[in-house]
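Below are the chains, spelled out letter by letter.
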Amino acid sequence: SASDGRASGGGNGNGSRAAPAGPPPGVPQLSEQTLEPILAGGSYVLLFVTNTGVAERSTVHSLAAHFDAELRGGERRGWSVALLDYSAESTRPGKPPLLAALLPRVRHSVACVLRKGCKLATFGGTAAPRPIDDWLASLRMGEVSWAELDLAAGSGEASRA
């Protein structure tokens, strides 16, 4: 049935009017239910953000699949990849403090890195592998600023770290 295809992420890819395919296999969707297991998966979580109006969902899913495969190759230990549906999560009531703090910060970004569940760096460039790779290299070299997430207030405010 159509609902089975959507739930399993098995879109047919035939045309833009088809139901959107789910996330790439093996890439978890960040939500209140998956937050703890995703954070436990590595010190650094490369988040790809959908439904912000910055990039098409299919583009973001392709990027997530690309970087998930790259990270699984062992190039970056302690890293994991996840998707965040901005629209779905921003409308949910009673968000955990981390999601409440994270959402306003990622509103205009296709990708970001969450470090140890309390610091965030956001990517503001083109939604393509090479610019994100370059940004990640700059991040590893210490050339990108991290913002400390204010988890106590859950207000979404962040301070520069």
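Before reading on, note that the structure itself is shown above.
Because the structure is predicted, anything quoted here is derived from the model rather than measured. (Residues numbered from 1 in each chain as written. Predicted model: local features only at pLDDT ≥ 70, side-chain atom pairs only at ≥ 80, totals over all residues. Heavy atoms only, no water.)

**A closer look at the overall build of the protein chain**
Link 1 in the chain: Per the secondary structure count, the protein chain includes six helices and six strands.
Link 2 in the chain: Counted from the first residue to the last, the protein chain has its helices and strands arranged as α-α-β-α-β-α-α-β-β-α-β-β.
Link 3 in the chain: Going through the 161 residues of the protein chain one by one, you find that 37% of them count as buried.
Link 4 in the chain: Here the analysis covers contacts within the protein chain between residues at least 6 apart in sequence; of these, 62% occur between residues at least 24 apart.
Link 5 in the chain: Approximately 8600 Å² of the protein chain is accessible, and the part contributed by carbon and sulfur atoms is 48%. (Helix = DSSP H or I, 4+ residues; strand = E, 2+ residues; numbered from the N terminus. Buried < 20%, exposed > 50% of the residue type's maximum accessible area, 1.4 Å probe, protein only. Contact = heavy atoms within 4.5 Å. Areas by Shrake-Rupley, 256 points an atom, 1.4 Å probe, with all protein chains shown as cover.)

**Side note on the side chain of Asp 85**
Link 1 in the chain: With respect to the secondary-structure elements, Asp 85 resides in strand β2 (residues 79–85).
Link 2 in the chain: The buried charged residue Asp 85 lacks any salt bridge, with Arg 57 as its nearest oppositely charged partner at 4.3 Å. (Lys, Arg positive; Asp, Glu negative; His and termini not counted. Salt bridge = Lys/Arg side-chain N within 4 Å of Asp/Glu carboxyl O.)

**Describing the side chain of Ser 109**
Link 1 in the chain: Positionally, Ser 109 belongs in the loop between α5 (97–106) and β3 (111–115).
Link 2 in the chain: Classification of Ser 109 by relative accessible area gives buried; the value is 3%.
Link 3 in the chain: Looking at Ser 109, its side chain comes within polar contact range of the main-chain oxygen of Ala 111, at 2.5 Å.
Link 4 in the chain: Within the structure, Ser 109 has its side chain in polar contact with the backbone oxygen of Phe 123 (distance 2.5 Å).
Link 5 in the chain: With sequence-adjacent residues up to four places away left out, Ser 109 is seen in contact with Val 49, Thr 52, Val 54, Thr 122 and Phe 123. (Polar contact = N/O pair within 3.5 Å; in protein donor to acceptor, adjacent residues only side chain to side chain.)

**A word on unusual backbone geometry**
Link 1 in the chain: Even without being a glycine, Asn 51 presents a positive backbone phi close to 60°.
Link 2 in the chain: If you trace the backbone, Asn 51 turns up in the loop between β1 (44–50) and α3 (57–72).
Link 3 in the chain: Despite not being glycine, Lys 116 has its phi angle at roughly 50°, a positive value.
Link 4 in the chain: Take Lys 116: it is sitting in the loop between β3 and β4 (119–123).
Link 5 in the chain: Overall, the relative accessible area of 60% leaves Lys 116 in the exposed class.

**Some points on the pairing of β2**
Link 1 in the chain: Burial analysis of β2 places seven of its seven residues in the buried class, which makes it a mostly covered element.
Link 2 in the chain: Burial along β2 is two-sided: Trp 79, Val 81, Leu 83 and Asp 85 facing one way and Ser 80, Ala 82 and Leu 84 facing the other are all buried.
Link 3 in the chain: As paired elements, β1 and β2 share seven bridges and run parallel to each other. If you follow Val 45 over to β2, its bridge partner there is Ser 80. (Pairing = 2+ DSSP bridges.)

**Considering the packing of aromatic side chains**
Link 1 in the chain: This model, assessed by the stated rule, comprises four aromatic pairs.
Link 2 in the chain: Measuring from ring centre to ring centre gives 6.2 Å for Tyr 44 and Trp 146, while their planes differ by 45°; the resulting arrangement is tilted. Remark: Trp 146 occurs in the loop between α6 (129–140) and β5 (147–149) and Tyr 44 occurs in strand β1; sequence separation between them is 102 residues.
Link 3 in the chain: Note on Tyr 44: relative accessible area 25%, which makes it partly exposed.
Link 4 in the chain: When its relative accessible area of 11% is taken as the criterion, Trp 146 is described as buried.
Link 5 in the chain: Ring centres of Phe 48 and Phe 67 lie 5.7 Å apart, and the angle between their planes is 25°; this geometry places the pair in the stacked category. (Phe/Tyr/Trp six-rings, centres within 6.5 Å; stacked < 30°, edge-to-face > 60°.)

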